[in-house]
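# Breakdown of the fold
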Amino acid sequence: MTVCAPAELDRVYDYLGAGAHFVPLPRLGDPTTVTALRNACIGADVVHAHGLPASVRAALALSGPGGGGRAPLVTTWDSRVHVDGARGGMVRLLERRTVRAATVVLGTSSELVDRARRRGARDARLAPVTVPAARGPVCLHDGKARAELGAVDRPLLMAVGALERGRGYRTLLDAARKWRELDPQPLLVIAGEGRERAYLQRRIVEEDLPVRLIGRREDVAELLAAADVAVLPSRWEARSLLAQEALRLGVPLVATAVGGVPELVGDAAELVPYGDAAALAEAVRGLLEDVERRMDLAAAGRVQARSWPTEDETVAHVLSVYDELVGR
């Protein structure tokens, strides 16, 4: 197997260590990227691109002279680009061209599969991806973690993700204003970094909100396991990492009913509309005041998590698609 990606990603995912042949690519904006991909695809039996930018370039590489154009293209859709106006029109155009060039489109949620079909995909299939479970024991309500975060004698709420507009953190801070009335007052901890950090921190200070921004963390599973409630306020998600971790750990989850979230969590989470701070605040308050409901959600979450495909099943599914295409 050959993996083509920017050089810095090998340091993150260790493609070479996994036994793959690695071809470092220039940055996506570099015009030589397509040429490098075209050369790497020569002789390939199947080409698999992940995400819209990679899929656009892979389609261009395969369509050019000497690019191994006969190799079937598989593309995975695991996210959506939310832009309006002229940029939104360009994204839709790229989506149409990409899915029409692809032999098979794999969507990680039913919504993405439907979107690919609307764009003209000849063959779009559901291919849910499950994040591997954390290795080693994770202690629920770990006292050390709660002490570090400052939530020994108060409820702990946990959110995780990049501090970007689409993550819904502005709405989450609106909800946090309402939690100041509770006794004891819950502490909301947000793990992640991004362009919204300065804005969010300024609001936290000016409005005296019970919120802490703790930046990127390597021990998210341990911190999440210590929480009383996990919160996912995003504008859109396919198969949220936070939702998967929370349900596996038996941490009650309040999430927005967007994208693939309802399909992922089933009845094992409290779902609220995106952007509705009052509904979000009330759902969290209701869980904090109802121990039995939290226990029911914790149990339901573990059951729901067992219904997701395992890592081995996910790999086997993708390999079966490769075998099918090569067999053609």
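The structure this text deals with has already been given above.
Our subject in this report is the structure included herewith. A quick note: this is a predicted structure, and the numbers were derived from the prediction, not measured.

### Examining the sheet that holds strand β3 (residues 47-50)
If you walk across this open sheet you meet the four strands as β3-β4-β5-β6, and the pairing is parallel. A single partner strand is all that each edge strand has here, and the edge strands are β3 and β6 (124-126). Along the sheet, successive strands turn relative to each other by an average axial angle of 25 degrees, direction set aside. As paired strands, strand β5 (residues 104-107) and β6 are joined by three bridges and run parallel to one another. Of the residues in β6, the one forming a bridge with Gly 107 is Leu 126.

### Regarding the nonpolar core
Residues Leu 156, Met 158, Leu 253 and Val 265 are the most contacted members of the largest nonpolar core, which totals 32 residues. Secondary-structure elements contributing two or more residues to this core are α6 (143-149), β7 (156-160), β8 (187-191), α9 (220-225), β10 (229-232), α10 (241-249), β11 (253-256) and α11 (261-265). Counting residues per element, this core draws most heavily on α10, at five residues. Discounting residues that sit within four places of it in the chain, Met 158 has contacts with Leu 188, Val 189, Ala 191, Ile 214, Leu 223, Leu 224, Ala 227, Val 229, Ala 230 and Val 231. One finds Leu 172, Ala 176, Leu 209 and Leu 287 within the second-largest nonpolar core, a separate group that totals 28 residues.

### With respect to the pattern of salt bridges
Considering all chains together, one arrives at 20 salt bridges under this definition. Two residues, Arg 117 and Asp 114, come together in a salt bridge whose shortest N-O distance is 4.0 Å. One end of the pair, Arg 117, and the other, Asp 114, are both in helix α5 (residues 110-118), three residues apart, so they sit about a helical turn from each other. Among the charged side chains, a salt-bridge network with shared partners connects Asp 174, Arg 177, Arg 203 and Glu 207.

### Looking at the packing of helix α7 (residues 169-179) against helix α8 (residues 197-206)
One can describe the packing of α7 onto α8 by two numbers: an axis separation of 11 Å at closest approach and a directional angle of 10 degrees. Relative to α8, the element α7 lies roughly parallel. Judged by residue contacts, Tyr 169, Arg 170, Leu 173, Asp 174 and Arg 177 of α7 engage Tyr 199, Leu 200, Arg 203 and Ile 204 from α8.

Basis of the calculations
- Residues numbered from 1 in each chain as written.
- Predicted model: local features only at pLDDT ≥ 70, side-chain atom pairs only at ≥ 80, totals over all residues.
- Heavy atoms only, no water.
- Pairing = 2+ DSSP bridges.
- Helix = DSSP H or I, 4+ residues; strand = E, 2+ residues; numbered from the N terminus.
- Axes fitted to C-alpha atoms, helices over the stretch in contact; angles between N-to-C directions.
- Core = buried A, V, L, I, M, F, W, Y, C linked by side-chain atoms within 4.5 Å.
- Buried < 20%, exposed > 50% of the residue type's maximum accessible area, 1.4 Å probe, protein only.
- Contact = heavy atoms within 4.5 Å.
- Salt bridge = Lys/Arg side-chain N within 4 Å of Asp/Glu carboxyl O.
- Parallel < 35°, antiparallel > 145°, perpendicular 65-115°, else oblique.

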